[in-house]
Amino acid sequence: MREREGCHADPRLRRRRRGSGPVLAHWLTRHGFSVTVVERAPAPRMAGGHAVDPFRSAMNISEKTGVLPRIGERATGTTRMSAHQEGSRRPVRVDLTKIFDAASDRHVEIMRDDLSAIHHDAARDDVEHLFGDSITQLRMDTWSRGSVTLVGDAGYCPGPAVGGSTSLAVVGASVLAGEPARTDGDHERAFPAYERARAEHIRGSRAGAPSAAKTLVPTSRLGVWGLARGARLISSLPAGPGRALLVDNTVGTSIHELALARRRRERGLRRRRRTERARRANRRDAGPTCTSTPPPPVRPSPRSSGGCGPRRTGPPREPPRGVLDGGPEP
Ligand SMILES: Cc1cc2nc3c(=O)[nH]c(=O)nc-3n(C[C@H](O)[C@H](O)[C@H](O)COP(=O)(O)OP(=O)(O)OC[C@H]3O[C@@H](n4cnc5c(N)ncnc54)[C@H](O)[C@@H]3O)c2cc1C
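## What to know about the packing of helix 1 (residues 20-30) against helix 5 (residues 112-123)
No. 1: Where helix 1 contacts helix 5, the two axes come as close as 8 Å, and the packing angle between them is 20°. With respect to each other, helix 1 and helix 5 are oriented roughly parallel. Considering only the axes of helix 1 and helix 5, their crossing is left-handed. Note on element contacts: helix 5 touches helix 1 through Ser116, His119, His120, Ala122 and Ala123, opposite Pro22, Val23, Ala25 and His26.
No. 2: Classifying every residue of the contact of helix 1 with helix 5 gives five nonpolar, four polar and no charged.

Structure, rendered in structure tokens:
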């Protein structure tokens, strides 16, 4: 592997480890840079952390890195979730495969540290790692200043409600690794180009966060109920409509709002049925005379009773087979 002149141990190519760090390190080395990764933790984390969901964009990069089979091996394999609601004895069972399929056509759930370790292994032989060391923490108004740039959570500040921030970090790392290669190591051109390439996407993801937060962290009992019903609804639908519902959700209609709308519709339907029943009962009490608007003239039918009941308005039809003749023909 060629080493780009003047780039060895350059501070701008030092990276922290974990989600975006190993990906950035790997791709920088593939572009010919020499990389030092500084990690505050004393050793590679292997404990598992929490589950993350790399989506298609991140999976494509993992495929190019050559680590897809290992990611598949380490996938959590979670397919079902049972949520227990306070005050309800029946758990809400959610088919997670439907939710995942609806969210992305290429997706895997994996523990964060497993994903990190897999990408770390891919670059292990070509990257220098300094564990138990620390980079000075920075506060910056922009992603880049001088020879320093930010990637992943440190730069994008996605917050808990931005879905797929692991994917944002992985894609950001791969884009960032490509820019110095294009500008021959000139960070003054590379970093703004990286920011231009990713800023709009990141801003878009962050813009959706408030409505996602409303969906994922409901603040009322009704909201919790709606979220559970929404998840159950998507679980019960085939992939296509479920996907449409989730896509709709990302542009502003939250899952629980959909469930609440459905509940309102059902309530309205029940109210209309009650009113209709009451009206019919009133009519019965008023006697046998037809008081409603006379129905439109109909052709006399041999079966027509001539009363107030439902009338067939078309020509007389054959009675359905199997009803009058004792059953279908063999
Ligand atoms: C509870 C929880 C659940 C989540 N669920 C999901 C999910 O389902 N899907 C999803 O896509 N994302 C999820 N995320 C977000 C996801 O974990 C992050 O977006 C992703 O790990 C970002 O990668 P990163 O490299 O930017 O940061 P990190 O993975 O946090 O890595 C940063 C690394 O830098 C090291 N470090 C920190 N400070 C210093 C320093 N001063 N010097 C040296 N090293 C330092 C840290 O030790 C760490 O190893 C979740 C996050 C949390 C907390």
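## What about unusual backbone geometry?
No. 1: Positioned with a positive phi, Cys157 is a non-glycine residue whose angle comes to about 45°.
No. 2: Here Cys157 is to be found in the loop between helix 6 (153-156) and helix 7 (165-182).
No. 3: Judged by its relative accessible area of 48%, Cys157 falls in the partly exposed class.
No. 4: Phi is positive for Asp184, close to 55°, though the residue is something other than glycine.

## Thoughts on the environment of Gly77
No. 1: Relative to the helices and strands, Gly77 is located in the loop between helix 3 (68-74) and strand 4 (80-83).
No. 2: Spatially, the C-alpha atoms of Gly77 and Glu109 are 7.1 Å apart, while their sequence positions differ by 32 residues.

## Comments concerning the nonpolar core
No. 1: Grouped together as the largest cluster of nonpolar side chains are 27 residues, with contacts concentrated most on Leu24, Val151 and Tyr156.
No. 2: Considering each element in turn, this core owes the most residues, seven residues, to helix 7.
No. 3: Each residue touching Tyr156, except ones within four places of it in the same chain, is listed here: Trp143, Val151, Leu168, Ala169, Gly172, Tyr194, Ile202 and Arg206.
No. 4: Met59, Ile110, Leu115 and Ile118 belong to the second largest nonpolar core, which has nine residues in total.

## A look at the side chain of Thr166
No. 1: Topologically, Thr166 is positioned in helix 7.
No. 2: By relative accessible area, Thr166 is classed as buried at 15%.

## A word on the pattern of salt bridges
No. 1: Per the counting criterion, the structure on display carries nine salt bridges.
No. 2: The partner of Asp121 in a salt bridge is Arg70, with the nearest N and O atoms 3.0 Å apart. Separated by 51 residues along the polypeptide, Asp121 in helix 5 and Arg70 in helix 3 bring together distant segments of the chain.
No. 3: A residue is classified by how much of its surface remains accessible, and Arg70, at 37% relative accessible area, is partly exposed.
No. 4: Asp95 serves as the salt-bridge partner of Lys98, at 3.9 Å between the closest nitrogen and oxygen.
No. 5: Take Lys98: its relative accessible area is 23%, and that puts it in the partly exposed class.
No. 6: Relative accessible area serves as the criterion here: at 15%, Asp95 is assigned to the buried category.

About the criteria used
Residues numbered from 1 in each chain as written. Predicted model: local features only at pLDDT ≥ 70, side-chain atom pairs only at ≥ 80, totals over all residues. Heavy atoms only, no water. Axes fitted to C-alpha atoms, helices over the stretch in contact; angles between N-to-C directions. Helix = DSSP H or I, 4+ residues; strand = E, 2+ residues; numbered from the N terminus. Parallel < 35°, antiparallel > 145°, perpendicular 65-115°, else oblique. Left-handed = near helix turned anticlockwise from the far one by under 90°. Contact = heavy atoms within 4.5 Å. Nonpolar A, V, L, I, M, F, W, Y, C, P; charged D, E, K, R; others polar. Buried < 20%, exposed > 50% of the residue type's maximum accessible area, 1.4 Å probe, protein only. Core = buried A, V, L, I, M, F, W, Y, C linked by side-chain atoms within 4.5 Å. Salt bridge = Lys/Arg side-chain N within 4 Å of Asp/Glu carboxyl O.

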